[in-house]
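One-letter residues, chain by chain:
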Amino acid sequence: QQAQGLVDPQSFAFADYRGRPPGRWLFQLGLAVYDRMAGHRARHHYGADEFLLLAPHIARADLQGGMCYLDAKTDDARLVLRVLQEARSLGGVAINYLRVQQLLRADDRADGDVNGVRVVDAVSGETHAVRARVVINATGAWADGVRQQQGGPARLRPLRGSHLVLPAWRLPVAQAVSLMHPKDGRPVFVFPWEGATLVGTTDIDHRADLQQEAAITAAEAGYLMDALQFQFPQLQLTPDDVIATYAGVRPVVDTGKADPSQEGRDHAVWMEQGLLTVTGGKLTTFRLIALDALRHVAPRMPHGQEPPPDGPLLAPASALPPHRGLGTSQRQRLQGHYGPLAARVVSAAQAGELQAIPGTQTLWVELRWAARMEGVVHLEDLLLRRTRLGLLLRGGGAEWLPRIRAMCQGELGWSDARWQQEVTDYQTLWRSHYSPPQASEYHASEPSDTGST
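Owing to the predicted nature of the structure, the values given are computational and were not obtained by experimental measurement. (Residues numbered from 1 in each chain as written. Predicted model: local features only at pLDDT ≥ 70, side-chain atom pairs only at ≥ 80, totals over all residues. Heavy atoms only, no water.)

A. Structural detail: the sheet that holds strand β6 (residues 127–131). Pairing within the open sheet is antiparallel, and its three strands lie in the order β4-β5-β6. The strands lining the two open edges of the sheet, one partner per strand, are β4 (98–105) and β6. For this sheet the average axis-to-axis angle between neighbouring strands, irrespective of direction, equals 25°. Where β4 meets strand β5 (residues 114–121), seven bridges bridge the pair, whose relative direction is antiparallel. Its bridge partner lying in β5, Leu 98 is registered against Asp 121. (Pairing = 2+ DSSP bridges. Helix = DSSP H or I, 4+ residues; strand = E, 2+ residues; numbered from the N terminus. Axes fitted to C-alpha atoms, helices over the stretch in contact; angles between N-to-C directions.)

B. Quick peek at the side chain of Gln 175. The residue Gln 175 is located in the loop between β8 (156–167) and β9 (176–180) in this model. On the basis of relative accessible area, Gln 175 is assigned to the buried category, the value being 17%. Apart from residues lying up to four places away in sequence, Gln 175 is in contact with Gln 10, Ser 11, Ala 13 and Leu 54. (Buried < 20%, exposed > 50% of the residue type's maximum accessible area, 1.4 Å probe, protein only. Contact = heavy atoms within 4.5 Å.)

C. Summary view of the layout of surface pockets. Roughly 330 Å³ of volume is contained in the second largest pocket. Lining of the second largest pocket is provided by 18 residues; of these, Gly 5, Asp 8, Lys 73, Arg 333 and Gln 361 occupy positions nearest its centre. Looking at the lining of the second largest pocket, the elements that each hand over two or more residues are β1 (7–17), β3 (63–74), β10 (187–193) and α7 (328–338). It is α7 that provides the largest number of residues to the lining of the second largest pocket, a total of five residues. For the lining of the second largest pocket, a count of residues per class yields five nonpolar, eight polar and five charged. (1 Å grid on protein atoms, 1.4 Å probe; cavity = no way out; pocket = protein on both sides within 12 Å on 5 of 7 lines; lining within 4 Å. Points joined across faces, edges and corners; volume = space filled by probe spheres on them. Nonpolar A, V, L, I, M, F, W, Y, C, P; charged D, E, K, R; others polar.)

D. Quick peek at the packing of helix α3 (residues 76–89) against α7. Relative to each other, α3 and α7 sit at 55°, their axes nearing to 8 Å. Relative to α7, the element α3 lies oblique. Residues Arg 78, Arg 82 and Gln 85 of α3 pack against Gln 335, Gly 336, His 337 and Tyr 338 of α7. Each residue belonging to the contact of α3 with α7 can be placed in one class, and the counts come to one nonpolar, four polar and two charged. (Parallel < 35°, antiparallel > 145°, perpendicular 65-115°, else oblique.)

E. Local environment of a nonpolar patch on the surface. Taken together, the side chains of Val 93, Ile 95 and Leu 98 define a hydrophobic patch exposed on the protein surface, amounting to about 310 Å² of accessible area. Mapped onto the elements, Val 93 comes out in the loop between α3 and β4. We classify Val 93 as exposed; its relative accessible area is 73%. (Patch = residues over 30% accessible without salt bridge, like charges linked within 9 Å, V, L, I, M, F, W, Y side chains within 5 Å. Areas by Shrake-Rupley, 256 points an atom, 1.4 Å probe, with all protein chains shown as cover. Salt bridge = Lys/Arg side-chain N within 4 Å of Asp/Glu carboxyl O.)

F. The arrangement of the environment of Lys 282 in detail. Its location among the elements puts Lys 282 in the loop between β15 (275–280) and α6 (286–297). In this structure the C-alpha to C-alpha distance between Lys 282 and Asp 266, which are 16 residues apart in sequence, comes to 7.5 Å. Dropping the residues within four chain positions of it, Lys 282 is found in contact with Arg 265 and Ile 289.

G. Up close: empty space enclosed by the protein. Following the criterion strictly, the structure yields one cavity of 30 Å³ or more and no others. Around the largest cavity, the lining residues are Asp 75, Arg 78, Glu 194, Arg 333, Thr 362, Glu 366, Arg 386, Thr 387 and Arg 388. When grouped by side-chain class, the residues that make up the lining of the largest cavity number no nonpolar, two polar and seven charged.

H. Summary view of the sheet that holds β15. Strand order in the open sheet formed by three strands is β7-β15-β14, with mixed pairing between adjacent strands. With partners counted over all chains shown, the strands left at the sheet margins are β7 (135–137) and β14 (267–272), one partner each. Sheet twist, expressed as the average angle between the axes of neighbouring strands with direction ignored, equals 20°. Bridge count for β7 against β15 is three bridges, and the pairing is parallel. Counted as the bridge partner of Val 135 is Leu 275 from β15.

I. Structural view of α3. For α3, spanning 14 residues, the distance from its first C-alpha to its last is 20 Å, which sits close to the expected 20 Å at 1.5 Å a residue. Within α3, the full set of buried residues consists of Ala 77, Arg 78, Leu 79, Leu 81, Arg 82, Gln 85 and Glu 86. For α3, the secondary structure elements touched by its buried residues are β3, α6, α7 and α10 (379–386). Structurally, the start of α3 carries an N-cap: the backbone nitrogen of Ala 77 is 3.1 Å from a side-chain oxygen of Asp 75. (Expected span 1.5 Å × (residues − 1). Polar contact = N/O pair within 3.5 Å; in protein donor to acceptor, adjacent residues only side chain to side chain.)

J. Seen up close, the pattern of salt bridges. If you walk through the whole model with that rule in mind, you get 25 salt bridges. The residue Glu 353 makes a salt bridge to Arg 368 at a minimum N-O spacing of 2.7 Å. Separated by 15 residues along the polypeptide, Glu 353 in the loop between α8 (342–347) and α9 (364–373) and Arg 368 in helix α9 bring together distant segments of the chain. Comparing Glu 353 with Arg 368, the two get one shared label, buried. The salt bridge involving Arg 368 is made with Glu 411; its shortest N-O contact spans 3.0 Å.

Below, the structure written as structure tokens:
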């Protein structure tokens, strides 16, 4: 309700097949609990013919009908940027490309409480000592790396989730489709996202170096492709239909379960020698997690007050008057993504820049705005994290790089040599971490450690 255009309702369809778990009645029982928690009631079950109107491309053999339920979707990178924007508007400072090198302690004693950090600027190489009344370690899957500077055991179990991205025309889904994977019964989701179709996710132990960007494996890609071919046989999807992949690492608190999928998703807060670590949890509970962390540090703050739990989450968006170049959904999207700055984003547009980039919901002006205002240091920031063009366009958007250069090089203040080097670095990264595996590699090994075995 507070972030329309950034967090959008999304209906999910789950097909009910004869002889396949969990079955209609068990699923409906779960949805009844879901409705009660959400505070609303909705119709869920549809007969086979009616359900096929909602999800026309699914497998039809033994289909008895299906269930629909309402959830939501977002672009998590834009949600993070919107929260940072809110922080700045309230007097906060956000600095990109800084790495914590060392925890600092009161009176420089080894047993003193943490009262600051020494950080390294990854761009200039300069180091800075920053002192503070409270230090909160909210670094996700990397939290152990910071807190273990004080010694003590690791507490996290990094789990990798990987995804495939396909063109919407090749895998069209108006309703998101959820299914149980035929190999291990884990849920897999297929849903419309940013003008493309997103498929995910896996859930396996991430044993690679956390300082290296995560990437999908051929086994994970094959696992997700198996799910697609099982649920959408008539579309005859192949690995060649995948335009991009990506992977992320979840900060899951380790309880020692053999199956990574069975680890809980609760967040945890630990106070250790003055360092508050907050990690775990889910994106949907980020505000609850933040409030919990702030309650723990309230005694160390000057007035010791806990934050109000029911204040507004985001500042109201700026009004956008009707504009010939913008549809209603585009206006709402801009207001959701940029809030009070939405009108300034629109006013920054030059000729043709309020049009959507083909195959995406991203407007050209969003590239200009990101280059000008959103702390872009490298081209990968612009194309993978400020916008998602590197995931939504085949080849990471290579064919559009000349136009992107014409728009953004001046905004970024880069020389021709710098631009060429950034393109080279971006394309190298994209090929190694975001491109689809070769078709012949998809079944190079069975994803035996994926999901419930």
